[in-house]
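What the coordinates show
Chain by chain, the residues:
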Amino acid sequence: MVGKDDTYQRQSGNYTVQASTNGTDGMDAAAVCGFLQATSWASGFSTEQLQEAFRNSLCFSLFADGKQIGFARVVTDRVTFAYLCDVYIAEECRGRGLGTWLVRCALEHPRVSRLRRG
């Protein structure tokens, strides 16, 4: 559900997914950059470059008891397309279905779910 202040949050037990349309608002940017810089697809990007990408995207943070344990980013023009990328779950939290839930939350976000599908 998107709130009046443009917030989007989903809860399941002690897990929370929160969307940010304002760059790094609400996320642990240092943790996310650390996650991504350890991957093969984002290892060459600086923290500044990643944060610029965040500012230009719809970002989804996954928290467990307030600690950032996952992330997904949607690049979209908010009319015709959305590209899901940078999906990441902390290694110690994998195998619990959290990545599937995070992606579902991203795809159900009102700015993504209403897009034309090809």
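Whatever comes next refers back to the structure up there.
Calculation notes
Residues numbered from 1 in each chain as written. Predicted model: local features only at pLDDT ≥ 70, side-chain atom pairs only at ≥ 80, totals over all residues. Heavy atoms only, no water. Helix = DSSP H or I, 4+ residues; strand = E, 2+ residues; numbered from the N terminus. Rg over C-alpha atoms; globule rule 2.2 N^0.38 Å. Buried < 20%, exposed > 50% of the residue type's maximum accessible area, 1.4 Å probe, protein only. Contact = heavy atoms within 4.5 Å. Areas by Shrake-Rupley, 256 points an atom, 1.4 Å probe, with all protein chains shown as cover. Lys, Arg positive; Asp, Glu negative; His and termini not counted. Charge placed at Lys NZ, Arg CZ, Asp CG, Glu CD. Pairing = 2+ DSSP bridges. Phe/Tyr/Trp six-rings, centres within 6.5 Å; stacked < 30°, edge-to-face > 60°. Lys NZ or Arg CZ within 6 Å of the ring centre and 35° of its normal. Core = buried A, V, L, I, M, F, W, Y, C linked by side-chain atoms within 4.5 Å.

Within the chain one finds four helices and five strands. Each helix (α) and strand (β) of the chain, taken in turn from the N terminus, gives the series β-β-α-α-β-β-β-α-α. Computed over its C-alpha atoms, the radius of gyration of the chain comes to 13 Å, within 12% of the 13 Å expected for a compact globule of 118 residues. Along the longest, intermediate and shortest principal axes, the C-alpha atoms of the chain span 35 × 35 × 30 Å. By the burial criterion, 42% of the 118 residues in the chain qualify as buried. The contacts of the chain with a sequence gap of at least 6 include a subset with a gap of at least 24, amounting to 54%. Surface accessibility of the chain: about 6,500 Å² in total, with carbon and sulfur atoms responsible for 49%. The distance from the centre of the 13 positive side-chain charges to the centre of the 12 negative ones in the chain is 8 Å.

Turning our eyes to something else, we now look at the pairing of strand E3 (residues 58–64). The buried count for E3 comes to seven of seven residues, which makes it a mostly enclosed element. Where strand E2 (residues 15–20) meets E3, six bridges bridge the pair, whose relative direction is antiparallel. Bridge pairing in E3 places Ala 19 opposite Phe 60. When E3 meets strand E4 (residues 67–76), the two strands line up antiparallel, connected through seven bridges. Residue pairing for E4: Ala 64 is matched across the bridge by Lys 67. Counting the residues between successive antiparallel strands, the hairpin from E3 to E4 contains two residues, one of them, Asp 65, with a positive phi of roughly 50°.

For the structure shown, the criterion picks out three aromatic pairs. Relative to Phe 60, the ring of Tyr 8 lies with its centre 6.2 Å away and its plane at 90°, an arrangement referred to as edge-to-face. Linking Tyr 8 in strand E1 (residues 8–12) with Phe 60 in strand E3, this pair joins segments that are 52 residues apart in sequence. Across the pair, Phe 60 and Tyr 8 agree in class, each one buried. The ring of Tyr 88 carries Arg 94 above its face, with NZ or CZ at 5.2 Å from the centroid.

With that settled, consider the nonpolar core. Within the largest apolar cluster, 32 residues are counted, with the highest numbers of intra-cluster contacts made by Leu 36, Phe 54, Phe 60, Leu 62 and Ile 69. Put simply, the parts of the chain that give this core at least two residues each are E2, helix H1 (29–37), helix H2 (47–55), E3, E4, strand E5 (82–89) and helix H3 (98–108). If sequence neighbours within four positions are ignored, Leu 36 has contacts with Trp 41, Ala 42, Ser 43, Leu 50, Phe 54, Phe 71, Asp 86 and Tyr 88.

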